[in-house]
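Coordinate inspection notes
Each chain, letter by letter, is given below.
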Amino acid sequence: MNDIRRTFLAAVGLLLLKPLAALAAWNQEAFGAKSAADALKGLGSANPAPSKDIVIEAPQIAENGAVVPIEISSNIPGTTSIAVLIEKNPFPLTGKFEFKEGALPFVKLNVKMGETSDVRVVAMAGGKSFAATREIKVTIGGCGG
Amino acid sequence: MAGPMKMRATLAGGNTAAVHTEIRVLMTHPMTTAQMKEGLHHIQNVVVKQNGKVVVEAEISQAVSRNPVFSFRLKGGAKGDKIEVSWLDNKGESNKIETAVA
């Protein structure tokens, strides 16, 4: 009797936990990487090809590193994800956005930058990775607090 | 502490550009880094749904600014479409907001 009950509870527990685990997907390997190259490896996007079809709109000079607006869109057909890496931040990978059917490969966000740095955007399309880079100069860093 | 969210979803484009849904969402969250005295506390996951279907899934780091604001775009869309945005942070706190496209 007890065995049946335990099996049943375990099964219910698994059912409850599964969607939660799926929602909480977090790529620790990529986000915990201290270099852009390691972060790209963690994402499975090592050695992306340069592309002019990734558009990065951002200020050339950010007065306040705590809030740097970056707008990204990809004109590469079939873009499924966009990752943003701030090369000189302690942990370069800042965000990874996956676009499902119905979404346009576009995102605008505000990021913190510790110092002047290249911002690298890596887009995945058809299993291949493409990258574009843009330098943003920061006059006051935004990682201290 | 994590607080309320705000969101606007509108139809954009028309004459010159293709019609799309423009979503702008604000999350109240400290987004503190490990170096700050408050310690690491940041949103990790953001999910955007259109009429109950997941359209954007994001993972974000501590390097996103305090009280994050994101814009997303969806193909096409219609007035009254239900847009839901939810987030989950590294301490298990979460929040969500739903609005109809205007």
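The notes below deal with the structure included here. (Residues numbered from 1 in each chain as written. Chains lettered and ligands numbered in written order. Predicted model: local features only at pLDDT ≥ 70, side-chain atom pairs only at ≥ 80, totals over all residues.)

**Considering the overall build of chain B**
From N to C terminus, chain B includes zero helices and seven strands. Moving toward the C terminus, one meets the helices and strands of chain B in the order β-β-β-β-β-β-β. Along the first, second and third principal axes, the C-alpha set of chain B runs to 50 × 25 × 20 Å. Considering chain B as a whole, with its 102 residues, one finds that 36% of them fall into the buried category. Across chain B, contacts joining residues at least 24 apart in sequence account for 55% of those joining residues at least 6 apart. (Helix = DSSP H or I, 4+ residues; strand = E, 2+ residues; numbered from the N terminus. Buried ≥ 20, exposed ≤ 12 C-beta atoms within 10 Å, placed from the backbone. Contact = placed C-beta atoms within 7 Å.)

**So, the interface of chain A and chain B**
Taken residue by residue, the interface counts 31 residues in chain A and 30 residues in chain B. Counting residues per element, the ones that place at least two in the side of chain A that touches chain B are β6 (93-99) and β7 (103-111) of chain A. No other element matches β7(A), which puts eight residues into the side of chain A that touches chain B. Here the side of chain A that touches chain B is built from residues that sort into 19 nonpolar, seven polar and five charged. Where β7(A) meets strand β5 (residues 69-75) of chain B, three bridges bridge the pair, whose relative direction is antiparallel. Across the sheet, A:Val107 pairs through a bridge with B:Phe72, a residue of β5(B). (Nonpolar A, V, L, I, M, F, W, Y, C, P; charged D, E, K, R; others polar. Pairing = 2+ DSSP bridges.)

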